[in-house]
Amino acid sequence: MIKIATWNINSIRVRLPLLLTWLKETQPDIVLLQETKTTDDQFPKEDIENLNYNIALNGQKTYNGVALLSKYPIEDITSGIPGFEDEQARYIEAVIKGLRVASIYVPNGSEVGSDKYAYKLRFLQALYAHTKTLLTYDEALILGGDYNIAPTDLDVYDPQEWHEKILCSTPEREGLRSLLHLGLTDSLRETHRDEKDLYTWWDYRAGAWQNNFGLRIDHLLLSPQAADLLKNTSVDKPIRSVEKASDHAPVVCELDI
DNA sequence: ATGGTTGCAGCGCAA
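Notes on the structure follow. Remember, predicted model here, so these are calculated numbers, not experimental data. For every chain, the first residue of the written sequence is number 1, and numbering continues from 1 onward in sequence order. Ligands are numbered from 1 and chains lettered from A, in the order in which they are written. Local features in this predicted model are restricted to residues of pLDDT 70 or higher, and side-chain atom pairs are both shown and tallied only at a pLDDT of 80 or more, whereas totals for entire chains, interfaces and linings draw on every residue. Heavy atoms from the whole structure form the basis of all side-chain values; hydrogens and water molecules are not counted.

As a further point, take unusual backbone geometry. Here the phi dihedral of Ser11 falls at roughly 90°; this positive angle occurs in a residue that is not glycine. The residue Ser11 is located in the loop between strand S1 (2–8) and helix H1 (12–26) in this model. Residue classification places Ser11 among the buried residues on the basis of a relative accessible area of 13%. With a phi angle near 55°, Gln27 is a residue other than glycine that sits in the positive phi range. Position of Gln27 relative to the elements: it lies in the loop between H1 and strand S2 (30–34). Think of it this way: any DSSP run of H or I at least four residues long counts as a helix, any run of E at least two long counts as a strand, and we number them from the N terminus. The rule is simple: take the accessible area with a 1.4 Å probe, protein chains only, and divide by the maximum for that residue type; under 20% is buried, over 50% is exposed, in between is partly exposed.

Put into structure tokens, the structure is as follows:
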């Protein structure tokens, strides 16, 4: 069994002690991190390497930044979506143990109709085009990360309040749905079919965590070859409740490899 | 509630 997690960690430097504790407790084989918020030279590699993880980075100063951690060698690393010019560090892909994985930080989009929103939709189009190529390889593939999109109203604590708002607007949802229609499986929803209150992000503000006002915006999307191996997926909620938590909880799946 | 909180960097911006 191989355990793969995605986690928007919201600053690797602030969250390092929590990450180290979590790695020891959870023992994931592969971790896809987003929002590391630091340059590669500032990334605290040593403490993570001491827990026997290999590391691949696509970082930047202040904003964004993605990383791969793996107990197995990381090969064939690609930073950025091929064919998509982007000065923001939001994508890293590699092959680990014959499994192709990507850590993806889809733009938040700020507000529907804004420039940042247009950039989000362009990013999704580029991800769609690249995914189409990846799927021609007919291999086990995991596209994990913070998609900043709640796929349906079931994934939102208050669909009325969020109606056509950022993270929930129809064009964003269509972008994610078109990705899924290429043949990807939303592993958490696959293993928790009609379950309500299944969230991965809770706003720091207004007591969202305490009230369970969450959205499910972090996803592990699996190619058919990977989906065939899927045993379980879960949200690690306890780590969201601690002091100095990230505003996102990890999503963890197990593949029968 | 055009609020609320957090992180980075150097106090406004992004989420």
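So, about the pairing of strand S14 (residues 251–255). With four of five residues buried, S14 is to be regarded as a mostly interior element. Here S1 pairs with S14 via five bridges, running antiparallel. Note that in S14 the partner of Lys3 across the bridge is Glu254. Two strands form a pair only when DSSP identifies at least two bridges running between them. Strand direction decides the pairing type here: strand S13 (residues 230–235) and S14, joined by five bridges, are antiparallel. Paired with Leu230 across the strands is Leu255, a residue of S14.

Once that is clear, we can look at the pairing of S1. For S1, a buried count of six out of seven residues is recorded, marking the element as mostly surrounded by other parts of the structure. Judged from the five bridges that link them, S1 and S2 form a sheet pairing that is parallel. Bridging from a neighbouring strand, Ala5 pairs with Val31 of S2. By convention, orient the strands away from the viewer: a clockwise path from the first strand over the helix to the second makes the crossover right-handed. As for the winding sense of the linkage, the β-α-β connection from S1 through H1 to S2 is right-handed.

In space, the six strands of this open sheet follow the order S3-S4-S2-S1-S14-S13, with mixed pairing throughout. The sheet is open, and its two edges are formed by strand S3 (54–58) and S13, each paired on a single side. Strand-to-strand, the axes of this sheet are offset by a mean angle of 15°, without reference to chain direction. Bridge analysis of S3 against strand S4 (residues 66–70) gives five bridges, and the strand direction is antiparallel. Bridge assignment links Ala56 to a residue of S4, and that residue is Leu68. The contact definition used throughout considers only heavy atoms, calling two residues in contact when any of these lie within 4.5 Å. The convention used is that axes are lines fitted to C-alpha atoms, helices contributing only their stretch in contact, and that angles between N-to-C directions extend from 0 to 180 degrees. Strands S1, S2, S4 and S14 of the sheet are contacted by H1, whose axis makes an angle of about 160° with S1.

The subject of this paragraph is the nonpolar core. Core analysis: the biggest nonpolar cluster contains 31 residues, and Ile4, Ile30, Leu68, Leu99, Val101, Ile142 and Leu255 have the highest contact counts within it. Listing elements by their share of this core, those giving two or more residues are S1, S2, S4, strand S6 (91–96), strand S7 (99–105), strand S12 (218–222), S13 and S14. Sequence-distant contacts of Leu255, defined by excluding residues within four places in its chain, comprise Met1, Ile2, Ile4, Leu99, Ile142, Leu222, Ala226, Leu229 and Leu230. Among buried residues, the Ala, Val, Leu, Ile, Met, Phe, Trp, Tyr and Cys ones that are joined through side-chain atoms within 4.5 Å form a nonpolar core.

It is worth spelling out helix H5 (residues 170–181) at this point. Taking 1.5 Å of rise per residue, the 12 residues of H5 would be expected to cover 16 Å, and the 16 Å separating its terminal C-alpha atoms lies within 8% of that figure. All buried positions along H5 are accounted for by Glu172, Arg173, Gly175, Leu176 and Leu179. Taken around the axis of H5, the buried residues stretch over an arc of 155°, which confines them to a single face. Close packing links the buried residues of H5 with helix H3 (115–135) and S12. How far a helix is expected to stretch is found by multiplying one less than its residue total by 1.5 Å. This arc corresponds to the set of directions leading from the helix axis out to the C-beta atoms.

So, about H1. In this model, H1 (15 residues) spans only 18 Å end to end at C-alpha, well below the 21 Å of a helix rising 1.5 Å per residue. We define the bend at each residue as the angle formed by axes fitted to the 7 residues ending at it and the 7 residues starting at it. By the largest-angle criterion, Leu18 marks the main kink of H1, which is about 40°. Within the span of H1, buried status applies to Ile12, Arg15, Leu16, Leu18, Leu19, Leu20, Trp22, Leu23 and Thr26. Elements in contact with the buried residues of H1: S1, S2, helix H2 (45–49), S4 and S14. Directly beyond the C-terminal end of H1, a positive phi value near 55° is found at Gln27.

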